[in-house]
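Structural features, examined
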Amino acid sequence: MEENKSKVTLHGMWASSYSKRVEIALKLKGILYEYVEEDLSNKTESLVQLNPVHKKVPLLVHDGKPVAESQVILEYIDETWKNSPRLLPEDSYERAQVRFWVSYINEQVIEVMRKVLFQEGEAQEKAIEEAREVQKNDDVGLLDIIIISTFGSHKDYHELFGVGIIDPVNTPTLYNWIESLKELAVIKEAEVPSDRLVPFLQMYRQMHLQQAANT
């Protein structure tokens, strides 16, 4: 286990895939850290003071210095704690490719998944088809942390909507990669139980649909 260079604190939220990315990275690196669970409707004073621009999770605090935004935090962790496993490749071209796919997932795939969660009927069916098309590229399997934090709960989405976005027939490489990652002890430790996540997603979806209907 990597010895901490100083105190590390992570402000996160249990259902946030972005927080989960940082949590997994810290565990993979063997970094001891204090975890602060944030209620996003009543954020701690520390979070607001240390992340005054966005006031969002995740927020990493290392030796009193805040680092915000999940991708920035992941790269900071990799540059600060150089022990194995390295989160980014040493080769500059390979590193650029990883950053490209991270951007692709963040900007396109997650946006499509939001559409699936927050729409109904015909619009939701269209979003599901779009999600399937977006996820056909096999190369995303290289991005372990991003993949498992983004897609690790795909079976819960299946339970919620009655239709699968990721499955062994339409997206076999991605499906098998996720299943392999879920066997790792670190991933199992960070996994959110379905009986907790599904009711949260149902509540969050209904709240969003109600807000949309009132506007």
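Residues numbered from 1 in each chain as written. Predicted model: local features only at pLDDT ≥ 70, side-chain atom pairs only at ≥ 80, totals over all residues. Heavy atoms only, no water.

An unreviewed UniProt entry lists the protein under the name Glutathione S-transferase, with Brassica carinata as the source organism. UniProt lists a comment for the protein under the heading Sequence similarities (unreviewed entry), and it reads "Belongs to the GST superfamily. Tau family." (UniProt positions renumbered as here; feature names shortened; annotations may be inferred.)

Below, the discussion takes up the packing of helix α6 (residues 144–151) against helix α8 (residues 172–181). At a minimum axis distance of 10 Å, the contact between α6 and α8 shows a crossing angle of 95°. As judged from the angle between their axes, α6 and α8 are roughly perpendicular. Of α8, the residues touching α6 (which contributes Asp 144, Ile 147, Ile 148 and Phe 151) are Leu 174, Trp 177, Ile 178 and Leu 181. Broken down by class, the residue content of the contact of α6 with α8 amounts to seven nonpolar, no polar and one charged. (Axes fitted to C-alpha atoms, helices over the stretch in contact; angles between N-to-C directions. Helix = DSSP H or I, 4+ residues; strand = E, 2+ residues; numbered from the N terminus. Parallel < 35°, antiparallel > 145°, perpendicular 65-115°, else oblique. Contact = heavy atoms within 4.5 Å. Nonpolar A, V, L, I, M, F, W, Y, C, P; charged D, E, K, R; others polar.)

An α-helix turns once per 3.6 residues; consequently, residues spaced three or four apart project the same way. The buried fraction of α6 is high, at seven of eight residues. Buried residues of α6: Ile 145, Ile 146, Ile 147, Ile 148, Ser 149, Thr 150 and Phe 151, and no others. (Buried < 20%, exposed > 50% of the residue type's maximum accessible area, 1.4 Å probe, protein only.)

Within the fold, Asp 78 resides in helix α3 (residues 70–80). Beyond its immediate stretch of four places on either side in the chain, Asp 78 contacts Lys 29, Pro 85, Arg 86, Leu 87 and Leu 88.

Turning next to the side chain of Ser 19. Its place among the elements puts Ser 19 in helix α1 (residues 17–29). Engagement of the side chain of Ser 19 in a polar contact is seen with the backbone nitrogen of Met 13, the distance being 3.3 Å. Among all residues touching Ser 19, those that are not within four sequence positions of it are Leu 10, Gly 12, Met 13, Val 57 and Pro 58. (Polar contact = N/O pair within 3.5 Å; in protein donor to acceptor, adjacent residues only side chain to side chain.)

Remark: a regular strand shows side chains that alternate across the two faces of the sheet. Of the two faces of strand β3 (residues 59–62), the one lined by Leu 59 and Val 61 and the one lined by Leu 60 and His 62 are each fully buried. Two successive antiparallel strands, β3 and strand β4 (residues 65–68), enclose a turn made up of two residues, where Asp 63 displays a positive phi of approximately 55°. (Pairing = 2+ DSSP bridges.)

It is worth spelling out the packing of α1 against α3 at this point. Contact geometry of α1 with α3 gives a least axis separation of 9 Å together with a crossing angle of 10°. Considered as vectors, α1 and α3 are oriented roughly parallel to each other. Contacts between α1 and α3 involve Tyr 18, Arg 21, Val 22, Ala 25, Leu 26 and Lys 29 from the first element and Ser 70, Ile 73, Leu 74, Ile 77 and Asp 78 from the second. The residue inventory of the contact of α1 with α3, partitioned by class, reads seven nonpolar, one polar and three charged.

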